[in-house]
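Take a look at the letters that make up each chain.
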Amino acid sequence: MIYRSKPKPKHKDVIKACTAGLLCFFLSPLFDFIGLHYVSAIVERMLVMSYPIFVLILSALLNRKRMPIRHLGAVFLVGGGLFLAVGGWDLHAVKANMTGAVLIILSAIFYAVYLVVSGRLVHEIGSIRMNAYGLSAASLAIAVYTAIQAAGEQPVNLFSYDAQMYGLFIIIAVATTVVPFIFMLEGIKRIGAERGALISIAGPVITIFLGVLFLNERLSLVQWLGCFLVLFVISLLEYRKRKR
């Protein structure tokens, strides 16, 4: 069997891949980490989980079709789960977390846009190329951002760490960024952006459970109810699709 690689991508596709990479690998994590200065890690994880809602909305708008009732119901149920998970009845907490919440929701929107764009583009240029273009553009943006910070009021010295730390940075970058996103893009190619978003929403929930086990973090009863509601909605949607 002869393997033929995909033809050289068009310039507009390269630009789209780089733009998607900037959204996913630079702007989304940047807004997320800045938002963490204002909210707790648990609240951050809950807010990040809102990105599948924006994927469903963006997909419906781009395809110019009415959102299916099951997806519309999923949007409202997941939104309700997030409301419970954040503990939204405490107005004082909402006011205190407003700045961080807005930043993290923007991060979720950027990520949702990336998922929708990648779902359309990955078929044209392939997951490896798209990941490479996106990471390259994001790396350049991070270098520029770091240089601006170094010249400003927050100086950054990238060469002040021990040698072991740089090895750890490389392992983290490859194991938690490059490999997972290659797998994600391959999955999106096979099942689409909408289903990929609905399945991957379980990731932050799993992170919360691991945080409780290994970091001794604690959730209130309302937060647990929100997590279980989100998991129930995802499981129900996937069961219905597999049954059909």
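Our structure's up above, just so we're on the same page.
Residues numbered from 1 in each chain as written. Predicted model: local features only at pLDDT ≥ 70, side-chain atom pairs only at ≥ 80, totals over all residues. Heavy atoms only, no water.

Can you lay out a nonpolar patch on the surface for me, pointing to particular residues and giving the numbers?
Among the surface-exposed residues, Tyr161, Met165, Leu168, Phe169 and Ile172 lie close enough to one another that they form a single nonpolar patch of about 430 Å² accessible area. Along the chain, Met165 turns up in helix α8 (residues 163–191). (Patch = residues over 30% accessible without salt bridge, like charges linked within 9 Å, V, L, I, M, F, W, Y side chains within 5 Å. Areas by Shrake-Rupley, 256 points an atom, 1.4 Å probe, with all protein chains shown as cover. Salt bridge = Lys/Arg side-chain N within 4 Å of Asp/Glu carboxyl O. Helix = DSSP H or I, 4+ residues; strand = E, 2+ residues; numbered from the N terminus.)

Can you lay out the side chain of Ser28 for me, pointing to particular residues and giving the numbers?
Structurally, the position occupied by Ser28 is in helix α1 (residues 11–35). Given a relative accessible area of 7%, Ser28 falls into the buried group. (Buried < 20%, exposed > 50% of the residue type's maximum accessible area, 1.4 Å probe, protein only.)

Which residues make up the packing of aromatic side chains, and what are the values?
For the coordinates displayed, the defined rule picks out five aromatic pairs. On the basis of an interplanar angle of 65° and a centroid distance of 5.9 Å, the ring pair of Phe25 and Tyr114 is categorised as edge-to-face. One end of the pair, Phe25, is in helix α1; the other, Tyr114, is in helix α6 (residues 98–125), and 89 residues separate them in sequence. Taken together, a centroid distance of 6.2 Å and an interplanar angle of 20° make the contact between Tyr111 and Tyr114 stacked. With Tyr111 and Tyr114 both in helix α6 and three residues apart, the pair spans about one turn of that helix. Through pairs of rings, three or more aromatic residues link up here, namely Phe25, Tyr111 and Tyr114. (Phe/Tyr/Trp six-rings, centres within 6.5 Å; stacked < 30°, edge-to-face > 60°.)

So, the environment of Ile57: which residues are in play, and what are the values?
Secondary-structure assignment places Ile57 in helix α3 (residues 51–63). The sequence separation of Ile57 and His71 amounts to 14 residues, and the corresponding C-alpha distance is 9.3 Å.

Provide a residue-level description of the nonpolar core, including the pertinent values.
The biggest cluster of nonpolar side chains holds 24 residues, and the ones touching the most others in it are Phe25, Tyr51, Tyr111, Tyr114, Leu115 and Met130. Listing elements by their share of this core, those giving two or more residues are α1, α3, α6, α7 (127–151) and α8. Top contributing element to this core by residue count: α6, with nine residues. With near-sequence residues (within four places) excluded, Met130 lies in contact with Ala17, Ala20, Tyr114, Val117, Ser118, Leu121, Val122, Ile125 and Leu185. Formed by 16 residues, the second largest nonpolar core is a distinct cluster that contains Met49, Ala60, Ala74 and Ile208. (Core = buried A, V, L, I, M, F, W, Y, C linked by side-chain atoms within 4.5 Å. Contact = heavy atoms within 4.5 Å.)

Tell me about the side chain of Asp32, and please be specific about residues and values.
In this fold, Asp32 is placed in helix α1. On the accessibility criterion, Asp32 (13% relative accessible area) is buried. With sequence-adjacent residues up to four places away left out, Asp32 is seen in contact with Glu44, Val48, Ile104 and Ser107.

Summarise α1; cite the residues concerned and give the values.
Between its first and last C-alpha, α1 extends 34 Å over 25 residues, near the 36 Å set by a 1.5 Å rise per residue. If you look at α1, its biggest bend is around 30°, right at Leu23. Where α1 is concerned, the buried positions are Asp13, Ala17, Ala20, Gly21, Leu23, Cys24, Phe25, Phe26, Ser28, Leu30, Asp32 and Gly35. In this structure, the buried residues of α1 make contact with α2 (41–48), α6, α7 and α8. (Expected span 1.5 Å × (residues − 1). Bend = angle between axes of the 7 residues up to and from the residue.)

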